[in-house]
Amino acid sequence: MSKKQKNTSSDTVPKFILTTANMLQKTSISLTVLFAKKLFTTPIKHKLPKREYEMEKHTNKELIMIPKINKKIMVYHYGTNPKKVLLVHGWSGRGTQLVKIADKLIELGYSTISFDAPAHGKSPGNTTLMPEFIASIITLNQNYGPFEYAIGHSLGGMSILNAIKDGLQIKKAVIIGSGDSVNDIVHDFISKLKLKPIIATRMRNSFEKKNNLDMESFSASIAAKQVKDIPTLIIHDKNDEDVPYSASQNIHKNLTGSKLILTEGLGHRKILGDKETINKIAEFLN
């Protein structure tokens, strides 16, 4: 882990998972790595909250194929205005999670395109990684773009910056509660499981060998260095217990033309429904 503010998740790891991880670690490092990889790539599919019912009800939904990863995702078309904004949820989120932001965009004369990332929400599958979020964004841009703006939460913010690096063309971007260093994320995940740091190293090496990629190259601050001439609003809460706000501070340092807003008392998810925050996003976009 870096010496920056430590990421301490508010979610409690179930005792049986900690027990299993501890037993495996005493038995076999290789089996422990496999167990950790499975947990790391498997999002939780939460029940749809009541606040998202209306958006889910009034969207046109379609299941589309993402050729690069050979997986299907559920896409949500919200509103009919030709000016479109792309919304990208975070890990274990849904295409309707940014509903309050979507409603404000509809009010401002835009429509939105959002999606359940692979293995999330109504999209099939059980496991995924950030490159599949990015591939989904690129395909959506090809199918339904160009988008005026892109707004992402947490891993969605990281994915948007990487998609811009890979050719996504938008006028402005908004990233909320974004993570930064992939290495820090992996080590923090292993720390929560109360496993030795060597498990994090072995897990990262295994992912990189299998997928022929450098995981750290997907870090938001690294992608940010290649984002040029796209004004970006970065929002993070100082009381975010899932992702440290130092991540957004580091992204801000590596972006040209970015603005950083730090809120207080909203945490990692309540920030998505905060009226003042949403008004600041509206002001930035307009």
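None of these values were measured; they are calculated from a predicted model.

**Considerations on the environment of His252**
- With respect to the element layout, His252 can be found in helix 10 (residues 246-253).
- Residue class for His252 comes out partly exposed when judged on its relative accessible area of 27%.
- A C-alpha to C-alpha distance of 9.8 Å links His252 and Ala220, two positions 32 residues apart in sequence.
- Leave out the neighbours within four places in its chain, and His252 touches Ile234, Ser258, Lys259 and Leu260.

**Notes on helix 11 (residues 275-285)**
- Of all the residues in helix 11, the buried ones are Thr277, Ile278, Ile281, Ala282, Phe284 and Leu285. Looking down the long axis of helix 11, one finds its buried residues gathered within 165 degrees of arc, a one-sided arrangement. Opposite its buried face, helix 11 presents the exposed residues Lys275, Glu276 and Glu283, each directed more than 90 degrees away.
- Buried residues along helix 11 sit against helix 4 (99-107), strand 5 (149-153), strand 6 (172-176), strand 7 (232-237) and strand 8 (258-263).

**Considering the packing of helix 1 (residues 15-27) against helix 2 (residues 29-40)**
- Put simply, helix 1 and helix 2 touch, their axes get as near as 7 Å, and they point 150 degrees apart. Here helix 1 lies roughly antiparallel to helix 2, going by the angle between them. Counting all contacts with helix 1, which are made through Ile17, Thr20, Ala21, Leu24 and Gln25, the residues of helix 2 involved are Ile29, Leu31, Thr32, Phe35 and Leu39.

**Some thoughts on the confidence of the model for the chain**
- Confidence along the chain averages 94 in pLDDT terms, with 96% of residues attaining 70 or more.
- Counting interchain partners and residues more than four positions distant, the pLDDT-below-50 stretch residues 1-11 has 30 contacts.

**Overview of the nonpolar core**
- Of all hydrophobic cores here, the largest spans 56 residues; its most connected members are Leu140, Ile190 and Met203.
- Here Ile190 is in contact with Ala36, Leu195, Lys196, Ile199, Ala200 and Met203, once residues within four sequence places are set aside.
- Counting 24 residues, the second largest nonpolar core, distinct from the first, contains Leu87, Tyr110, Tyr149 and Ile176.

**As for helix 2**
- Here helix 2 is twelve residues long and its end C-alpha atoms lie 16 Å apart, about the 16 Å a rise of 1.5 Å per residue gives.
- Regarding helix 2, the residues found buried are Thr32, Val33, Phe35, Ala36, Lys37 and Phe40.
- Buried residues along helix 2 sit in contact with helix 1, helix 7 (182-192) and helix 8 (197-211).
- Where helix 2 starts, the residue carrying a side-chain oxygen 3.4 Å from the main-chain nitrogen of Ser30 turns out to be Ser28.

**Details of the pairing of strand 5**
- Of all five residues in strand 5, five are buried, a share of seventy percent or more.
- Of the two faces of strand 5, the one carrying Tyr149, Ile151 and His153 and the one carrying Ala150 and Gly152 are both buried.
- The pairing of strand 5 with strand 6 spans five bridges and is parallel. Paired with Ile151 across the bridge in strand 6 is Val174.
- For the crossover from strand 5 across helix 6 (residues 155-165) to strand 6, the handedness is right-handed.

**Digging into the pattern of salt bridges**
- One pass over the structure, following the stated rule, counts nine salt bridges.
- For Arg94, the salt bridge identified is with Glu52, shortest N-O distance 2.6 Å. In this pair, Arg94 sits in the loop between strand 3 (84-88) and helix 4 while Glu52 sits in the loop between helix 2 and helix 3 (53-57), placing the two residues 42 residues apart along the sequence. Each member of the pair, Arg94 as well as Glu52, is classed as buried.
- Glu56 is the salt-bridge partner of Lys61, the closest N and O atoms lying 3.7 Å from each other.
- A relative accessible area of 18% places Glu56 in the buried class.
- In this structure, a network of salt bridges that share partners links the residues Glu56, Lys61 and Lys122.

Conventions we followed
Residues numbered from 1 in each chain as written. Predicted model: local features only at pLDDT ≥ 70, side-chain atom pairs only at ≥ 80, totals over all residues. Heavy atoms only, no water. Helix = DSSP H or I, 4+ residues; strand = E, 2+ residues; numbered from the N terminus. Buried < 20%, exposed > 50% of the residue type's maximum accessible area, 1.4 Å probe, protein only. Contact = heavy atoms within 4.5 Å. Arc of directions from axis to C-beta. Axes fitted to C-alpha atoms, helices over the stretch in contact; angles between N-to-C directions. Parallel < 35°, antiparallel > 145°, perpendicular 65-115°, else oblique. pLDDT = per-residue confidence, 0-100. Core = buried A, V, L, I, M, F, W, Y, C linked by side-chain atoms within 4.5 Å. Expected span 1.5 Å × (residues − 1). Polar contact = N/O pair within 3.5 Å; in protein donor to acceptor, adjacent residues only side chain to side chain. Pairing = 2+ DSSP bridges. Right-handed = clockwise from strand over helix to strand, strands pointing away. Salt bridge = Lys/Arg side-chain N within 4 Å of Asp/Glu carboxyl O.

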